[in-house]
Amino acid sequence: QVQPVESGGGMVQAGGSLRLSCAHSGRADAMGWFRQAPGKARELVAAADWSGDNTKYADFVKGRFTISRDNAKNTVALQMNDLKPEDTAVYLCASCPGRYGICTKEALYDSWGRGTQVTVSS
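Rules and cut-offs
Residues numbered from 1 in each chain as written. Predicted model: local features only at pLDDT ≥ 70, side-chain atom pairs only at ≥ 80, totals over all residues. Heavy atoms only, no water. Disulfide = S-S within 2.5 Å. Helix = DSSP H or I, 4+ residues; strand = E, 2+ residues; numbered from the N terminus. Buried < 20%, exposed > 50% of the residue type's maximum accessible area, 1.4 Å probe, protein only.

A. Structural view of the state of the cysteines. Counted according to the given criterion, the structure contains two disulfides. Two residues share a disulfide in this structure: Cys22 and Cys93, whose sulfurs sit 2.1 Å from each other. Judged by the sign of its S-S torsion, about -80 degrees, the cystine formed by Cys22 and Cys93 is left-handed. Remark: Cys93 occurs in strand E9 (residues 89-96) and Cys22 occurs in strand E3 (residues 18-23); sequence separation between them is 71 residues. Looking at Cys22, the relative accessible area reads 0%, which means it is buried. Among the residues examined, Cys93 registers a relative accessible area of 0% and is labelled buried. Between Cys96 and Cys103 runs a disulfide, and the two sulfur atoms are separated by 1.8 Å. Because the torsion about its S-S bond is -65 degrees, the bridge between Cys96 and Cys103 counts as left-handed. For the residue pair Cys96 and Cys103, the accessibility class agrees, reading buried in each case.

Here is the structure:
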């Protein structure tokens, strides 16, 4: 199984935007974006089913982040707007077998990227 590969991280000032991208295997998987800040547990940020029509967001990003996917290109994106210093973390892309529909439980994800750093300065 091909491991997802993230790109697009970087440094931005509070209120700015970044767009993360994840290249994945193209298997009919649900996809998710997670993040992990130093000393904190990994947490789900956003998830989408295979079609991309069904999405879920953590409360702390609702209205600011958008997950989308282009299945023709085997990519999934996370558009992050109005970034805050507390959004600073390593952001990871992961895939979950498509039979689960949309995956909100971390334990269902079976393939993980290495992550990309997002740093938001105040």
